[in-house]
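# Residue-level structural notes
Below are the chains, spelled out letter by letter.
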There are 2 protein chains.
Amino acid sequence: MGKVLKADTDNAAAGSIDSLLGYNLKRAYMIFRDDFRNSVENAGMTPRAMSVLAQIVEMPMITQSDVARRLGIERSGLVAIIDELEKGGLVRRAAVPGDRRSQALVPTAQGHKRIRAILQQVQAHEANLLSPLNPQEQAQLLHMLRKLRHAHGNDSTP
Amino acid sequence: MGKVLKADTDNAAAGSIDSLLGYNLKRAYMIFRDDFRNSVENAGMTPRAMSVLAQIVEMPMITQSDVARRLGIERSGLVAIIDELEKGGLVRRAAVPGDRRSQALVPTAQGHKRIRAILQQVQAHEANLLSPLNPQEQAQLLHMLRKLRHAHGNDSTP
DNA sequence: TATTGTTATACTCTATAACTATA
DNA sequence: TATAGTTATAGAGTATAACAATA
């Protein structure tokens, strides 16, 4: 057969799991997850709590339901995370004028400081993990993952 | 500020989780995992069982421990999976001449047939999921994920 | 001593379902 | 009736620790 796409003949038998994107996504994800566990998570912040805090800092006064939708997770799972963040003084629940059902989430000064520090730490770790790829490849990888995600909708189907 | 890497200014505030590779890897992985659940897994094959079967087909007479090492999972978790595959007539345990501790794993004719069918099915689904990326991008994505994985070692650190 | 397969166990993550108070 | 937050519960997925047989 003729010249197919280069990556297909890279290394592994086509028709094996090594040629499946899903499998390779999982393995790559595991590399990053494990590293996270050995660094940031030991400092008492789970990946989820981090993404939640980041979301709140990015959009102050966002409601819990909206955070859940944006991150593609369940509302119910958020409660404990917000509790924890609030207990740590990083976030507080505030009343929403005009809708007494909702709780708006506001980052504290400490929350701002904390997410900045964590993001820096994670970025440093990621730079390390990504060092096998050159800068162009790193940018491409990020670009394509984002493109995939946005093409499939930011929030999970309810 | 000057022109940085294109992907960095794509869409989201740099310094948010949307610019983290780990986060985007997870979200992309979730897209593929969810699709798998709604298709192949409903036909009675988990992602793990599939990767194990594929591995055995690719390397007949591989031992359980070696499968575990290659897939980056624990030996203990393999037992139930092999039991299941064996019960389904896709694989059988065989004695290893010269080492009575090991169990070599051999695919049956049915096992061959099954993994071929499943791989085809998964590839079709992946082609669909990947359609937002052009063929070159798809190849690049696969290439970089593989590169990452192999750079960080094929097996998880014990 | 180290390794293989195995079992039993525990833990993490996350989803589901049901409730309440609002709208 | 639908939505927000909450609670309790259950399930998947996976790791850890220990054990017997064998090297």
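Conventions we followed
- Residues numbered from 1 in each chain as written.
- Chains lettered and ligands numbered in written order.
- Predicted model: local features only at pLDDT ≥ 70, side-chain atom pairs only at ≥ 80, totals over all residues.
- Heavy atoms only, no water.
- Salt bridge = Lys/Arg side-chain N within 4 Å of Asp/Glu carboxyl O.
- Helix = DSSP H or I, 4+ residues; strand = E, 2+ residues; numbered from the N terminus.
- Buried < 20%, exposed > 50% of the residue type's maximum accessible area, 1.4 Å probe, protein only.
- Phe/Tyr/Trp six-rings, centres within 6.5 Å; stacked < 30°, edge-to-face > 60°.
- Least-squares fit on C-alpha atoms with pLDDT ≥ 70 in both.
- Contact = heavy atoms within 4.5 Å.

For chain A, an unreviewed UniProt entry supplies the name MarR family transcriptional regulator and the organism Roseinatronobacter alkalisoli.

This part covers the pattern of salt bridges. Counted by the stated rule, this structure contains 18 salt bridges over all chains. Between glutamate 84 of chain A and lysine 87 of chain A there is a salt bridge, and its shortest N-O distance comes to 3.8 Å. Pair noted here: glutamate 84 of chain A and lysine 87 of chain A are both in helix H4 (residues 75-87), with a separation of 3 residues, about one helical turn. On the accessibility criterion, lysine 87 of chain A (67% relative accessible area) is exposed. Connected through shared salt-bridge partners, Asp18 of chain A together with Arg146 and Arg149 of chain B make up one network.

Now for the packing of aromatic side chains. Counting across every chain of the model gives 1 aromatic pair over all chains. On the basis of an interplanar angle of 20° and a centroid distance of 5.1 Å, the ring pair of tyrosine 29 of chain A and tyrosine 29 of chain B is categorised as stacked. Remark: tyrosine 29 of chain B occurs in helix H1 (residues 21-37) and tyrosine 29 of chain A occurs in helix H1 (residues 21-37); the pair is interchain, linking two chains. For the pair tyrosine 29 of chain A and tyrosine 29 of chain B, a shared accessibility class is recorded, and that class is buried.

On to the relation of the copies chain A and chain B. The operation relating chain A to chain B is a screw motion whose rotation component is 180°, with 0.0 Å of axial translation and a residual RMSD of 0.0 Å. In the structure described here, the two chain copies are related by an operation that fits a two-fold rotation axis. When the interface residues of chain A are mapped onto chain B, 100% of them again lie at the interface, so the same face is used by both copies.

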